[in-house]
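Coordinate inspection notes
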Amino acid sequence: PSSFPSTSITSAKIQVNGVNLHYQQTGEGSHAVLLLPGMLGSGQTDFGPQLKSMNKQLFTVVAWDPRGYGQSIPPSRDFPPDFFERDAKDAVDLMQALKFKKFSLLGWSDGGITALIAAAKYPTLIHKLVVWGANASVTQEDVRIYNGIRDVSKWSEKVKKPLEEMYGHKYFAETCEAWVDGISRFAEKSGGNICQQLLPHIKCPTLIIHGEKDPLVPRFHADYIHEHVKGSRLLLMPEGKHNLHLRFAEDFNKQVEDFLQ
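As the structure is a prediction and not an experimental result, all values here were calculated from the model.

Here we take up the environment of Lys-160. Mapped onto the secondary structure, Lys-160 falls in helix 6 (residues 157–167). In this structure Lys-160 comes out as buried when scored by relative accessible area, which is 10%. Each C-alpha atom of the pair Lys-160 and Phe-172 lies 9.1 Å from the other, and the pair is 12 residues apart in sequence. Residues in contact with Lys-160, not counting those within four places in the same chain, are Val-152, Ser-153, Trp-155 and Phe-172.

Next up, the structure:
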């Protein structure tokens, strides 16, 4: 079976909303799934085990690089007040450009926020939704956590290395600082709102996964999303940290595949 064409991963760019977005695609299943990466993330850095191991007979898996991230540069990444909405529109328009009429969203961290917004705003296009490490608001505690990762020279070598290789040190360091400033701005709004008002509009089956040892996203965020997305399921992974889909890829992939079927 190693010669099956379905095991290969295509890498390409397509023009969407005036930018050339890079994506990777694999599998030939009838159920299309879009993987949405986190801050500074790309398909390549954030979803290796999913692109490699998700069921290619059942799913067609697409992982995208949002504008200004990964290989979707130029443009350089910026963080206007509506950057999550912009990513949500780009993501949905990318899938439409690739001729997928309906698809599911798997969003990690910032990509989870983007996925929540997309599911709320484009309900007829979204089949199912899985988010982990996401938040619908930014509290003062969150701002404190974000400032703790502002300086990339303090990051662990393991996390830092692939990003430095992709971006070069300068772009990586500056974009991380710009992200901290951009996301912290939400804390100044009433209730720190990012997309709280949109959650009741999410109509598709939704699975929220939370790593109980996540140092970046406290548990109350997962609980809040679970409470406000009608009929959603919350799955707790006791040993999971922020990158639970990489660290516990096999378990994660199985849970997600079962939910998507």
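Further notes follow.
Look at helix 6 against helix 7 (residues 169–184): their axes get within 7 Å of each other, and the N-to-C directions meet at 115°. Here helix 6 lies roughly perpendicular to helix 7, going by the angle between them. When helix 6 is examined against helix 7, the residues Lys-160, Leu-163, Glu-164 and Tyr-167 are found in contact with a partner set consisting of His-169, Tyr-171 and Phe-172. Counted by class, the contact of helix 6 with helix 7 contains 4 nonpolar, 1 polar and 2 charged residues.

Moving on to helix 4 (residues 110–121). Taking 1.5 Å of rise per residue, 12 residues should cover 16 Å, and helix 4 covers 17 Å from first to last C-alpha, within 8% of that figure. With 11 of 12 residues buried, helix 4 is to be regarded as a mostly interior element. Where helix 4 is concerned, the buried positions are Asp-110, Gly-111, Gly-112, Ile-113, Thr-114, Ala-115, Leu-116, Ile-117, Ala-118, Ala-119 and Ala-120. The inward-facing, buried residues of helix 4 contact strand 3 (31–36), helix 3 (83–97), strand 5 (103–108), strand 6 (126–132), helix 7 and helix 8 (219–228).

For the rest of this paragraph, the subject is the pairing of strand 8 (residues 233–237). Across 5 bridges, strand 7 (residues 206–211) lies against strand 8 in parallel orientation. Paired with Leu-207 across the two strands is Arg-233, which belongs to strand 8. Each parallel crossover has a hand, and the one from strand 7 via helix 8 to strand 8 is right-handed.

Counting across every chain of the model gives 9 aromatic pairs. Judged by centre distance (6.4 Å) and plane angle (75°), the ring pair of Phe-47 and Trp-132 falls under edge-to-face. Here Phe-47, found in the loop between helix 1 (43–46) and helix 2 (48–53), pairs with Trp-132, found in strand 6; they are 85 residues apart in sequence, far enough to count as distant. Each member of the pair Phe-47 and Trp-132 is classed as buried. Seen from their ring centres, Trp-155 and Phe-172 are 5.3 Å apart, and the 85° between their planes marks the pair as edge-to-face. Taken together, the residues span a long stretch of sequence, with Trp-155 in the loop between helix 5 (140–148) and helix 6 and Phe-172 in helix 7 at a distance of 17 residues. Both residues of the pair, Trp-155 and Phe-172, belong to the buried class. Counting every residue linked through ring pairs, the aromatic cluster contains Phe-79, Phe-83, Phe-84 and Phe-186.

Criteria and cut-off values
Residues numbered from 1 in each chain as written. Predicted model: local features only at pLDDT ≥ 70, side-chain atom pairs only at ≥ 80, totals over all residues. Heavy atoms only, no water. Helix = DSSP H or I, 4+ residues; strand = E, 2+ residues; numbered from the N terminus. Buried < 20%, exposed > 50% of the residue type's maximum accessible area, 1.4 Å probe, protein only. Contact = heavy atoms within 4.5 Å. Axes fitted to C-alpha atoms, helices over the stretch in contact; angles between N-to-C directions. Parallel < 35°, antiparallel > 145°, perpendicular 65-115°, else oblique. Nonpolar A, V, L, I, M, F, W, Y, C, P; charged D, E, K, R; others polar. Expected span 1.5 Å × (residues − 1). Pairing = 2+ DSSP bridges. Right-handed = clockwise from strand over helix to strand, strands pointing away. Phe/Tyr/Trp six-rings, centres within 6.5 Å; stacked < 30°, edge-to-face > 60°.

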